[in-house]
Amino acid sequence: MQPIRQGDVILQPVPQVEGEKIPHLTLAEGEVTGHKHRITEGKAKLFSKNDTLYLRIYSRTALLSHEEHKAIAVPQGHWMVKIQREYEPEGWRYVAD
């Protein structure tokens, strides 16, 4: 499987998902607008381990939605959630969506 990108959120396939279960399906929240990258359809669970989020999709696909981006069907499997960062003279920072 190939990585999937929606705005500043990148899902990378991983062999398995571990960590503590999180009671919501919000992968990232915009610092400026408050818009959220989240799973809105399908069966999925979100986990956290060592400050990294992992997503497990149980259904054939799950829908990754965001108010400013086209919804994306994420296939069944195990995914690591990464937030894109950019460099500024003051140092690295997360991309504001």
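Student: With reference to specific residues and values, describe the packing of aromatic side chains.
Tutor: For the coordinates displayed, the defined rule picks out zero aromatic pairs. We note lysine 43 situated over the ring of tyrosine 58; from NZ or CZ to the ring centre the distance is 5.5 Å.

Student: Before we move on, can you summarise the nonpolar core with the specific residues and values?
Tutor: Formed by 16 residues in total, the largest nonpolar core has its most connected members in Leu11, Leu27, Leu55 and Ile57. Looking at this core, the elements that each hand over two or more residues are β2 (9-13), β4 (26-29), β6 (44-49), β7 (52-66) and β8 (69-83). Here the element with the most residues in this core is β7; it accounts for four residues. When residues no more than four places from it in sequence are discounted, the contact partners of isoleucine 57 are Ile39, Lys43, Ala44, Ala62, Val74, Pro75, Gln76, Gly77 and Trp79. Of all hydrophobic cores here, the second largest spans five residues; its members include Val17, Phe47, Tyr54 and Met80.

Student: Could you give me a rundown of the pattern of salt bridges, with the residues and numbers involved?
Tutor: This model, assessed by the stated rule, comprises one salt bridge. Among the salt bridges present, the one from lysine 49 reaches glutamate 18, with a minimum N-O distance of 2.5 Å. Of this pair, lysine 49 sits in strand β6 while glutamate 18 sits in the loop between β2 and β3 (20-22); the two residues are 31 residues apart in sequence, bridging distant segments of the chain. Accessibility expressed as a relative area gives 33% for lysine 49, which makes it partly exposed. On the basis of relative accessible area, glutamate 18 is assigned to the partly exposed category, the value being 35%.

Student: How would you summarise the pairing of β2 if you had to cite specific residues and measurements?
Tutor: In the sheet, strand β1 (residues 4-6) pairs with β2 via three bridges, with the strands oriented antiparallel. Among the inter-strand pairings, isoleucine 4 is bridged to a residue of β2, identified as leucine 11. Two strands pair when backbone bridges link them, and β2 and β8 are joined in this way by five bridges, in the antiparallel orientation. Paired with isoleucine 10 across the bridge in β8 is lysine 82.

Calculation criteria
- Residues numbered from 1 in each chain as written.
- Predicted model: local features only at pLDDT ≥ 70, side-chain atom pairs only at ≥ 80, totals over all residues.
- Heavy atoms only, no water.
- Phe/Tyr/Trp six-rings, centres within 6.5 Å; stacked < 30°, edge-to-face > 60°.
- Lys NZ or Arg CZ within 6 Å of the ring centre and 35° of its normal.
- Core = buried A, V, L, I, M, F, W, Y, C linked by side-chain atoms within 4.5 Å.
- Buried < 20%, exposed > 50% of the residue type's maximum accessible area, 1.4 Å probe, protein only.
- Helix = DSSP H or I, 4+ residues; strand = E, 2+ residues; numbered from the N terminus.
- Contact = heavy atoms within 4.5 Å.
- Salt bridge = Lys/Arg side-chain N within 4 Å of Asp/Glu carboxyl O.
- Pairing = 2+ DSSP bridges.

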